[in-house]
Number of protein chains: 2
Amino acid sequence: MYSTNERRITIKQVAKVAGVSAQTVSRVLNNRPDVATATRQRILKIIDDLGYQPNIVARSLSQRRTYTLGVVTAGLKYTGPSRTLNGITNKAEELGYTLLLKELLGFEAHDVNAILDYLLARQVDGIIWAVQEVGDNRQEFDTRLPAIPVPIVFLTMRKRPGLNIVAVDNYAGGRQATEHLLNLGHRKIGHIAGPLAWWEARERKRGWEKRMAEADLPAENWVEGTWSSRSGVRSLKQLLTQAPDTTAVFAANDQMALGALHYAHRHGTRVPEDLSLVGFDNLAESAYYWPPLTTIDHDQFDLGCLAVREAVKAITSRQDITSPSHQPQSIFIQPKLIVRGSSEPAAFSAT
Amino acid sequence: MYSTNERRITIKQVAKVAGVSAQTVSRVLNNRPDVATATRQRILKIIDDLGYQPNIVARSLSQRRTYTLGVVTAGLKYTGPSRTLNGITNKAEELGYTLLLKELLGFEAHDVNAILDYLLARQVDGIIWAVQEVGDNRQEFDTRLPAIPVPIVFLTMRKRPGLNIVAVDNYAGGRQATEHLLNLGHRKIGHIAGPLAWWEARERKRGWEKRMAEADLPAENWVEGTWSSRSGVRSLKQLLTQAPDTTAVFAANDQMALGALHYAHRHGTRVPEDLSLVGFDNLAESAYYWPPLTTIDHDQFDLGCLAVREAVKAITSRQDITSPSHQPQSIFIQPKLIVRGSSEPAAFSAT
DNA sequence: ATGAAAGCGCTAACAG
DNA sequence: CTGTTAGCGCTTTCAT
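Source: prediction; values computed, not measured.

1. Points about the protein's contact with DNA strand D
Inspection of the region around DNA strand D gives 28 residues, with R27 of chain A together with I11, S26, Y52 and S62 of chain B positioned closest. Each atom of DNA strand D within 4 Å of the protein was classed as base or backbone; sugar and phosphate made up 67%. Interatomic distance of 2.6 Å between a side-chain N/O atom of T39 of chain A and a phosphate oxygen of DNA strand D. In this structure, S26 of chain B approaches DNA strand D through a side-chain N or O atom, which is 2.6 Å from a phosphate oxygen. Among the elements of the structure, α2 (22-29) and α4 (56-63) of chain A together with α2 (22-29) and α4 (56-63) of chain B are those that each provide at least two residues to the surface near DNA strand D. It is α4 of chain B that contributes the most residues to the surface near DNA strand D, four residues altogether.

2. Observations concerning the sheet that holds strand β8 (residues 248-251) of chain B
Paired through backbone hydrogen bonds, the strands of a sheet run either parallel or antiparallel to each other. All names here are of chain B. Reading across from one edge, β7-β6-β8-β9 is the order of the four strands in this open sheet, with parallel pairing throughout. Single-partner strands in this sheet number two, and they are β7 (222-224) and β9 (276-278). Shown here is a sheet whose adjacent strand axes are inclined to one another by a mean of 15 degrees, direction ignored. Sheet contacts for helix α8 (residues 170-183): β6 (189-193), β8 and β9; angle to β8, the most-contacted strand, approximately 165 degrees. Its contacts with the sheet put helix α10 (residues 229-242) on β6, β7 and β8, and the angle it makes with β7 is roughly 150 degrees.

3. Let's talk about the pairing of strand β5 (residues 164-168) of chain B
Residue and element names in this part refer to chain B. In terms of burial, β5 is a largely internal element, five of the five residues being buried. Taking every second residue as pointing to the same face, both faces of β5 are buried, with N164, V166 and V168 on one and I165 and A167 on the other. One ladder, built from three bridges, connects strand β4 (residues 152-155) with β5; its direction is parallel. If you follow V153 over to β5, its bridge partner there is N164. Here four bridges tie β5 to strand β11 (residues 330-333), and the two strands are oriented parallel to one another.

4. A short note on the interface of chain B and chain A
Opposite the 66 residues of chain B that make contact, chain A presents 66 residues. At the boundary of chain B with chain A, total buried surface from both sides reaches about 6,100 Å², with 57% on carbon and sulfur atoms. For E93 of chain A, the salt bridge goes to K102 of chain B, with nearest N and O atoms at 3.0 Å. Connecting chain B to chain A are 22 residue pairs in polar contact (both at pLDDT 80 or more). Mapped by element, the contributors of at least two residues to the side of chain B that touches chain A are α4, α5 (79-95), β2 (98-104), α6 (112-121), α10 and α11 (254-266) of chain B. Each residue belonging to the side of chain B that touches chain A can be placed in one class, and the counts come to 33 nonpolar, 19 polar and 14 charged. As paired strands, strand β2 (residues 98-104) of chain A and β2 of chain B are joined by three bridges and run antiparallel to one another. Note that in β2 of chain B the partner of L99 of chain A across the bridge is L101 of chain B.

5. Here's the deal with the packing of helix α1 (residues 11-18) of chain B against α2 of chain B
All names here are of chain B. Orientation of α1 relative to α2, taken along the N-to-C sense of each, is 105 degrees, at an axis distance of 8 Å. Here α1 lies roughly perpendicular to α2, going by the angle between them. Residues I11, V14 and A15 of α1 form the contact with α2, whose own contacting residues are A22, V25, S26 and L29. Broken down by class, the residue content of the contact of α1 with α2 amounts to six nonpolar, one polar and no charged.

6. Notes on the protein's contact with DNA strand C
In the vicinity of DNA strand C lie 27 residues, with I11, Q23, Y52 and R59 of chain A together with R27 of chain B positioned nearest. When atoms of DNA strand C within 4 Å of the protein are sorted by moiety, sugar and phosphate together comprise 64%. In the model, a phosphate oxygen of DNA strand C is placed 2.4 Å from a nitrogen or oxygen of the I11 of chain A main chain. Here a base nitrogen of DNA strand C and a backbone polar atom of A58 of chain A are 3.4 Å apart. Of all elements in the fold, only α2 and α4 of chain A together with α2 and α4 of chain B reach the threshold of two or more residues within the surface near DNA strand C. Top element by residues in the surface near DNA strand C is α4 of chain A. It accounts for four residues. Its residues assigned to classes, the surface near DNA strand C comprises eight nonpolar, 13 polar and six charged.

7. Quick look at the pairing of β2 of chain A
Residues and elements named next belong to chain A. Most of β2 is tucked away, with seven of its seven residues classed as buried. The side-chain alternation of β2 yields two buried faces, one formed by T98, L100, K102 and L104 and the other by L99, L101 and E103. Pairing of strand β1 (residues 68-74) with β2, which is carried by seven bridges, proceeds in the parallel orientation. Counted as the bridge partner of G70 is L100 from β2. With respect to chirality, the unit in which β1 leads through helix α5 (residues 79-95) into the neighbouring parallel β2 is right-handed.

8. What about the relation of the copies chain B and chain A?
Under the fitted operation, chain B is carried onto chain A by 0.0 Å of movement along the axis and a turn of 180 degrees, and the coordinates agree to an RMSD of 0.1 Å. Between the two chains, the operation in question is that of a two-fold axis. Proximity to the rotation axis, assessed at the C-alpha, singles out L100 of chain B in chain B; its C-alpha lies 2.4 Å from the axis. In this assembly, 98% of the residues forming the interface of chain B have copies in chain A that are likewise at the interface, indicating an isologous arrangement.

9. Here's the deal with unusual backbone geometry
Residues and elements named next belong to chain A. Looking along the chain, the bond that leaves V271 and enters P272 is cis, with omega of 10 degrees. The topology assignment puts P272 in the loop between α11 (254-266) and β9 (276-278). Between W290 and P291 the backbone carries a cis peptide bond, its omega angle lying at -5 degrees. The phi dihedral of Q123 falls on the positive side, at around 60 degrees, and the residue is not glycine. Position of Q123 relative to the elements: it lies in the loop between α6 (112-121) and β3 (126-129). The buried category is assigned to Q123, whose relative accessible area is 18%.

10. Some words on empty space enclosed by the protein
Applying the stated criterion to the full structure yields three cavities of 30 Å³ or more. Along the walls of the largest cavity sit 19 residues, with V57, T68 and R122 of chain A together with V57 and T68 of chain B positioned nearest its centre. Among the elements of the structure, α4 and β2 of chain A together with α4 and β2 of chain B are those that each provide at least two residues to the lining of the largest cavity. By residue class, the composition of the lining of the largest cavity is nine nonpolar, eight polar and two charged. What the second largest cavity holds in volume is close to 80 Å³. Counting residues per element, the ones that place at least two in the lining of the second largest cavity are α11 of chain A together with α11 of chain B. Among the residues forming the lining of the second largest cavity, the class breakdown is 10 nonpolar, four polar and no charged.

11. Structural notes on the nonpolar core
A general tendency of soluble globular proteins is for nonpolar side chains to be buried together. Formed by 106 residues in total, the largest nonpolar core has its most connected members in W129 and L236 of chain A together with W129 and L236 of chain B. Every residue in contact with W129 of chain B, bar those within four places of it in the chain, is listed here: V72, L104, V112, I115, L116, R138, F141, I152, V153, F154 and L155 of chain B. Ranked by size, the runner-up nonpolar core spans 48 residues in total, among them A92, A307 and V308 of chain A together with Y97 of chain B.

12. Here we look at the layout of surface pockets
When its volume is computed, the second largest pocket comes out at roughly 1,400 Å³. Residue lining of the second largest pocket: 42 residues in total, with R8, I9, Q53 and N55 of chain A together with Q123 of chain B positioned closest to the centre. Contributions of two or more residues to the lining of the second largest pocket are made by α2 and α4 of chain A together with α4, α6 and α12 (300-319) of chain B. The greatest single-element share of the lining of the second largest pocket, amounting to five residues, is contributed by α4 of chain A.

Here is what the cut-offs are and how they apply
Residues numbered from 1 in each chain as written. Chains lettered and ligands numbered in written order. Predicted model: local features only at pLDDT ≥ 70, side-chain atom pairs only at ≥ 80, totals over all residues. Heavy atoms only, no water. Near = heavy atom within 4 Å. Polar contact = N/O pair within 3.5 Å; in protein donor to acceptor, adjacent residues only side chain to side chain. Helix = DSSP H or I, 4+ residues; strand = E, 2+ residues; numbered from the N terminus. Pairing = 2+ DSSP bridges. Axes fitted to C-alpha atoms, helices over the stretch in contact; angles between N-to-C directions. Contact = heavy atoms within 4.5 Å. Buried < 20%, exposed > 50% of the residue type's maximum accessible area, 1.4 Å probe, protein only. Buried area = accessible area lost by both parts, 1.4 Å probe. Salt bridge = Lys/Arg side-chain N within 4 Å of Asp/Glu carboxyl O. Nonpolar A, V, L, I, M, F, W, Y, C, P; charged D, E, K, R; others polar. Parallel < 35°, antiparallel > 145°, perpendicular 65-115°, else oblique. Right-handed = clockwise from strand over helix to strand, strands pointing away. Least-squares fit on C-alpha atoms with pLDDT ≥ 70 in both. 1 Å grid on protein atoms, 1.4 Å probe; cavity = no way out; pocket = protein on both sides within 12 Å on 5 of 7 lines; lining within 4 Å. Points joined across faces, edges and corners; volume = space filled by probe spheres on them. Core = buried A, V, L, I, M, F, W, Y, C linked by side-chain atoms within 4.5 Å.

Quick look at the structure:
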């Protein structure tokens, strides 16, 4: 069914048929102005007739540039990483870059050097490190970074001077969630944290702690979950055991909030009447949970777009000697509170 | 902060330092046996000292082989496609293939030729078309297919002789869901279908229809949804309006089932007491919906793995003249019923 | 076991 | 406007 190993058409063959040099064909391919219109037309026709396709690999070798971005990701089965990848593919398409995708099997420490070598051997023009900062999985970079010959943009990690970083302001999100509950009159506000090895989880928790402190309230009642709904179930149980008078809970993601909702249903705790609940992430489904979940929305798609934009900016500025050298910068996206049915004024303030 | 445009080390420089020819270094790089052990050791050390990295682009050009798979996907923001991609990345890693990722902006018809040209220009060794069959978005292939010089594996499309296809047996899944409800004593079973432009949606619906017919029951009460939870809400409403005596509903995916659950809660329809509900997909969260959702599980990760395996098999068999030519085949994965709290025996059969 | 020459398919740099 | 020459960095083929 396939046309067997027949060699593909090359620029030389096109040139021969057209009776010109390969260089002239190359000029046509690259839309150079310095080709006679008649010649151009003729060559274009021949290209079309022959079904000629330029070999991008050869071009890359010759130009020493691939217009390819290496993307390192992890946990594609979760919505977060895949929404971000979605943004990356879209922006890359728009800017004319090809993506070379590499998914890590876990989040914890990896042989960063091997992965970088892999991408660099394939001559990527830039790298997007879209793996969340977990544990010390960023450590190896400290020594290697100066030796990486292409720009690299990091996603979702704490600020570090001199690096290109794009992340959601998780701390601000934690504050917003807490503030919303405070505004509703709640005082006993518990927190279901994500795994604290994760930078994002620590930031969200810190937002809760700080805002509580500012309201002169203790931030003591919290549990560490795993991000999963299952852990949400057990975390709410633990929270209510530790402090039965809790009237509100902020969960560090929507999955755990769903688990908490599940636990509440099973034990006759009414949400929001007995307990207000706020999640984080604004999963598409969370508006249809019962009750619909109040949550913090953040644009992970945009995160991916920004990362590509920054990477390409850095690549370009390094090619053009003319353009001012691109200064690495950190970009933090602001999340946004979405109020739905799972939170309402505290009982005592309603009466 | 970066080492500026300094040229990377080449095989020639390594050769020069080692006092050998470039081919000898090449032999070491490719683990050829015909190099003296002493020479090999010396060269390896120099490679290490210099931090030399082979240029894979040059190698690809020279070998006329890239060990790269082009992956075309769509809808990465949905769990299905991203779980499949997850499987693709894992299997590709295992088999030593690099991934070139291309995401389409929508599911409907695209300029297939342009996308194929794009991938072929980049000299991919094979293609995985991981875009679901929607409307006539497969049509362009009919004419183009014979002219594609590399193997191509299609995901999630109807059987066609002579093509490599990997898909879930959605028809069987639809049957299983329906059969489960029939076994519970339900007779009035409605269906919330996915958008019927999708092959998957049609197959799931066909499974429901066929199984109903086999039980001598009419398969009349159905509504076409959009896959979204929002459409699930309105679809259940419509279903119950059309036939108020409906005691069970099979929704073509978990999101729509969640929407149906949402509608039921809001209107005092108790699930499963008044209405049994079965979904499709087994989203990680569906076990924590209230009530936990009975659904059809299918391994989309495995789907991706199989696609890569088939693609690589086809590529390899075409390289080795010795190996028997790989016959394109269709692989259909069997889904599995997961029983949870959203379905229970029909009221009249319980009494 | 090692090297020399040629080439993969394209483009940069220079010439005319 | 168009052609020639010389690579890009590696591997293949054929010698030795």
